[in-house]
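Residue-level structure breakdown
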Amino acid sequence: MQPRRLTAAALATLVLTGTAALAHPALAAGPNTPTATITERAAAQTVPFTQASARLAADGSYTLSWSSPAANVQVTAHTKPDATDPGTPLGSAAGTGTLTVPAGTLAADRRWYFELTPDTGGAYVVAERSLGIASAKNFRDAGGYRTGDGRWVKYGIVYRSNKLSSLTAAEQQRIVDQGITRDIDLRNYFERKDEPDKVPAGVTYQVADVVSLAHGVSFHDPALMTLAQAIAAGLFSGSSDLGQSIGYPFMVNFVGADHAFKDLLTAVNSNAGATVYHCSAGKDRTGWGTAVLLTLLGVPRATVEADFLASNDYTGNPDAVELSWLRAAFDEVDHIYGSFDAYLHKGLGLDDATIQSLRNRLLTP
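Residues numbered from 1 in each chain as written. Predicted model: local features only at pLDDT ≥ 70, side-chain atom pairs only at ≥ 80, totals over all residues. Heavy atoms only, no water.

1. Considering the overall build of the protein chain
Across its full length, the protein chain holds 12 helices and 14 strands. Expressed as a percentage of the 365 residues in the protein chain, the buried residues total 55%. Contacts spanning at least 24 positions in sequence make up 70% of the contacts within the protein chain whose residues lie at least 6 apart. Surface exposure of the protein chain reaches about 14,500 Å², of which carbon and sulfur atoms provide 55%. (Helix = DSSP H or I, 4+ residues; strand = E, 2+ residues; numbered from the N terminus. Buried < 20%, exposed > 50% of the residue type's maximum accessible area, 1.4 Å probe, protein only. Contact = heavy atoms within 4.5 Å. Areas by Shrake-Rupley, 256 points an atom, 1.4 Å probe, with all protein chains shown as cover.)

Shown next, in the form of structure tokens:
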């Protein structure tokens, strides 16, 4: 579908009610890890786990839990997501079980990855999703979710966050320790100017402005129509913020946003190290970008929605995001393109090779 130019009046309405809503800041706090639905095919995968998670408690202890058809699972702690370092043996438990790592067992000044090795099938590595960065509390790993075909999104490769303008020297070092080598900023010009990122040396900074006008002011569908439909849908759903109800569909309809999200995904694919991407609050532009990435990888919609809603926990604000906003963006995808796959190809302009490369890199076998 060819983009259509927006009238000046419609653009003014969009800027006042739509794009402005994409820059609202939020507070931040603690994590939630949803578990995806299990399919019959999952049991036949190299990685036999059907559920696996790691939780860091306030006292510094970890609680690990998992489910698998194995009889026994050995647990080893590592400081690298690929578990290539020697590791610290922690013990074992049943194929479906839990293991508690007492506070003080592992150094508190680093992030730990836990390799779960079953007596049959391949190992899987889990981690606490939050990096515990006080100045960017919505900084979390986008990995650890199960796909519809039984694979897992790997930890330690892609991170999502809120703004990175207040990072301390110690927090910057924590980012370096995760192997992060690229920082993708989804914010607009004024946000970047007022609160520039503080990135450590060796981390490449890249702008992927979701509301940039560098590619013109054009839309896939008439903007006034999208505006009217978004307002109506927001009122019907009881949205607490009509600006957000409007902003989410426009992240799909606005051609400039296509370029930003394409740049995000291609950067994740091509970057040799780990990547972090963020907006101001880490919940709206970052929320949609994460929903696109996880859906591309085959993560079920219910899990994608749970990850989106987890911003309410991380920010400490139960009203930070509403599910109707995310669903409005997916509805816009269906309206304009008919399918998510068509959105990836025709909207974002991704080719099959890039999509497959992302899956190969980010998913377990």
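2. Topic: the pairing of strand β11 (residues 180-185)
Where β11 lies against strand β14 (residues 274-278), five bridges are found, and the strand directions are parallel. Of the residues in β14, the one forming a bridge with Ile180 is Ala274. Pairing of β11 with strand β12 (residues 204-207), which is carried by four bridges, proceeds in the parallel orientation. Bridge pairing in β12 links Ile184 to Gln206. With helix α3 (residues 189-194) bridging β11 and its parallel neighbour β12, the resulting β-α-β unit is right-handed. (Pairing = 2+ DSSP bridges. Right-handed = clockwise from strand over helix to strand, strands pointing away.)

3. A word on the sheet that holds strand β7 (residues 113-118)
Note on sheets: strands pair through backbone hydrogen bonds, and any given pair is parallel or antiparallel. Taking strand neighbours across the sheet as the criterion, the four strands line up as β5-β4-β7-β8 in an open arrangement whose pairing is antiparallel. Either end of the sheet is taken by a strand with one partner, and the two such strands are β5 (88-94) and β8 (124-127). For this sheet, the mean angle separating the axes of adjacent strands, direction not counted, is 25°. Examined bridge by bridge, strand β4 (residues 72-78) and β7 share six bridges and lie antiparallel to one another. When the bridges of β7 are listed, Ala77 appears paired with Phe114. (Axes fitted to C-alpha atoms, helices over the stretch in contact; angles between N-to-C directions.)

4. Quick word on the environment of Ser237
In this fold, Ser237 is placed in helix α4 (residues 223-237). For Ser237, a relative accessible area of 39% translates into the label partly exposed. Distance from Ser237 to Trp325, taken between C-alpha atoms, is 9.4 Å for residues 88 residues apart in sequence.

5. As for the confidence of the model for the protein chain
Model confidence for the protein chain is summarised by a mean pLDDT of 87, while 88% of its residues fall at 70 or above. Confidence drops under a pLDDT of 50 for residues 1-45, and excluding neighbours within four residues, the segment shows 99 contacts in the predicted structure. (pLDDT = per-residue confidence, 0-100.)

6. Here's the deal with the packing of aromatic side chains
Taken as a whole and judged by the stated rule, the model has 13 aromatic pairs. When the ring of Tyr189 is compared with that of Phe190, the centres are 5.2 Å apart and the planes differ by 75°; the resulting orientation is edge-to-face. Of the residues examined, Tyr189 reaches a relative accessible area of 47% and is grouped as partly exposed. Judged by centre distance (5.8 Å) and plane angle (55°), the rings of Phe340 and Tyr343 are tilted. On the criterion of helical spacing, the pair formed by Phe340 and Tyr343 is a turn pair, its members being three residues apart in helix α11 (residues 340-347). Since its relative accessible area comes to 14%, Phe340 is described here as buried. Ring-pair connections join several aromatic residues into one group, and the members of that group are Trp288, Phe330, Tyr337, Phe340 and Tyr343. (Phe/Tyr/Trp six-rings, centres within 6.5 Å; stacked < 30°, edge-to-face > 60°.)

7. Details of the pairing of strand β3 (residues 62-67)
By the criterion of burial, β3 is predominantly enclosed, with five of the six residues buried. As judged from the six bridges shared by strand β2 (residues 51-56) and β3, these two strands associate in the antiparallel manner. Opposite Ala54, over in β3, you have Leu64 as the bridge partner. Turn length for the β2-β3 hairpin, with the two strands adjacent in sequence and antiparallel, is five residues, and the turn residue Gly60 shows positive phi of about 95°. Of the pairings in the sheet, the one linking β3 to strand β6 (residues 97-101) comprises five bridges and is antiparallel in character. Residue pairing across strands places Tyr62 opposite Val101, the latter belonging to β6.

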